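Read off the chains here:
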Amino acid sequence: MPETTWWYIGIGVFVFSLITFIGWSSKRWPNRDKKIREAIRQPKIVAIIGWLVLLIGLLFILVSSWSGVESGDALPMQICGFVLFLAGSFLVFIYANWYLIIREDEVVLRTAFRYVRTIRYHDVERYVYLRRGIQPFLKIWSIHGVVIELNSRTFDVSAIVTALEARDAAGK
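For the structure given in this document, a descriptive report is provided here. Every value quoted in this text rests on a predicted model; they were computed, and no experiment measured them. (Residues numbered from 1 in each chain as written. Predicted model: local features only at pLDDT ≥ 70, side-chain atom pairs only at ≥ 80, totals over all residues. Heavy atoms only, no water.)

Concerning the overall build of the protein chain
This is how it is decided: Segments assigned H or I by DSSP are reported as helices when at least four residues long, segments assigned E as strands when at least two residues long, and all are numbered from the N terminus. Radius of gyration: C-alpha atoms only; globule rule: 2.2 Å multiplied by the number of residues to the exponent 0.38. Every residue pair with non-hydrogen atoms within 4.5 Å of one another is taken to be in contact. Residue-level accessible areas treat just the shown protein chains as cover; the underlying method is Shrake-Rupley with a 1.4 Å probe. His is not counted, nor are the chain ends, whereas Lys and Arg count as positive and Asp and Glu as negative. Charge placement uses NZ in Lys and CZ in Arg. For Asp and Glu, CG and CD serve respectively.
On a plain count of helices and strands, the protein chain comes out with four helices and eight strands. Ordered by position in the sequence, the α and β elements of the protein chain form the string α-β-β-α-α-β-β-β-β-β-β-α. Relative to its length of 172 residues, the protein chain is extended, with a C-alpha radius of gyration of 21 Å against a globular reference of 16 Å. With the principal axes as the frame, the protein chain shows a C-alpha extent of 70 × 45 × 30 Å. Of the contacts formed within the protein chain by residues at least 6 apart in sequence, a portion of 39% connects residues at least 24 apart. Accessible surface for the protein chain amounts to roughly 11,400 Å². Of this, 66% is attributable to carbon and sulfur atoms. Side-chain charges in the protein chain split into 20 positive and 14 negative, and the spacing between the mean points of these groups amounts to 4 Å.

Re the sheet that holds strand β5 (residues 116-120)
Our working definition: Strand pairing requires that DSSP identify at least two bridges connecting the strands.
Across the sheet, which stays open at both edges, the five strands sit in the order β1-β2-β3-β4-β5 with antiparallel pairing between neighbours. Of all the strands in the sheet, the pair left with one neighbour each is β1 (31-32) and β5. Both β1 and strand β2 (residues 39-41) contribute to a ladder of two bridges, which runs antiparallel. Bridge pairing in β2 places Asn31 opposite Arg41.

A word on the packing of aromatic side chains
The following threshold applies: Only rings of Phe, Tyr and Trp enter the pairing, Trp through its six-membered ring, and a pair is recorded when the two centres are within 6.5 Å. The plane angle decides the type: under 30 degrees is stacked, over 60 is edge-to-face, the rest tilted. The rule is simple: take the accessible area with a 1.4 Å probe, protein chains only, and divide by the maximum for that residue type; under 20% is buried, over 50% is exposed, in between is partly exposed. Over a ring means this: the NZ of a Lys or the CZ of an Arg is within 6 Å of the ring centre and within 35 degrees of the ring normal.
Scanning the model with the defined rule gives three aromatic pairs in all. Here Phe90 and Phe113 contribute two aromatic rings whose centre-to-centre distance is 6.2 Å and whose plane-to-plane angle is 40°, an arrangement assigned as tilted. Here the residue Phe90 occupies a position in helix α3 (residues 71-97), and Phe113 occupies one in the loop between β4 (106-110) and β5, the gap between them amounting to 23 residues. With a centroid separation of 5.8 Å and 50° between ring planes, the pair formed by Phe93 and Phe113 is classed as tilted. With Phe93 in helix α3 and Phe113 in the loop between β4 and β5, this pair connects stretches of sequence that are 20 residues apart. Residue Phe113 is classed as exposed on the basis of its relative accessible area, which comes to 62%. An aromatic cluster is built from Phe90, Phe93 and Phe113, whose rings are joined through pairwise contacts. Residue placement shows Arg41 over the ring face of Tyr95; its charged tip is 5.3 Å from the ring centre.

A word on the side chain of Ser142
Note the threshold: Whenever two N or O atoms come within 3.5 Å, that pair is a polar contact, provided that in protein one can donate a hydrogen and the other can accept it, and provided that, for residues adjacent in sequence, both atoms are side-chain atoms.
Relative to the assigned elements, Ser142 resides in strand β7 (residues 135-142). Polar side-chain contacts of Ser142 include one of 3.0 Å to the backbone nitrogen of His144. Setting aside residues up to four positions removed in sequence, Ser142 forms contacts with Ile119, Asp123, Val124 and Glu125.

Below, the structure written as structure tokens:
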């Protein structure tokens, strides 16, 4: 095999290992909110990546505006920079607003747009494990129409499942 193929394989294995480690560490050591101690936030890597993408987008915009970039290349570079800036801003926005609270009697989820969804365990209509590709999800429906979907590989949902199974064993 050529040397470049080995480089591609090595980079792929490194990226896969890094993503696996980030997922494992975010479940093992959840990112707790400083104000609400029981709230679990998005992994810090979301904010780090968001700030990096935001700054790269800003750099693209500034370089295309200030340097001697040819006029035909400046517009695509500005558009790409603007898209990167928006994507990074959205990741930082998600990190700042989203959190999950798992209590003894309820689950509280605040979405990225600050919409709070609360489901009490005795109000659960049904729950199911789903697969989206290789990612397992727990989806919970309330009798009031509230739906919460959590990645069970990223967040420890065992307390929720235990409470729901105990509720089902007691006859709702």
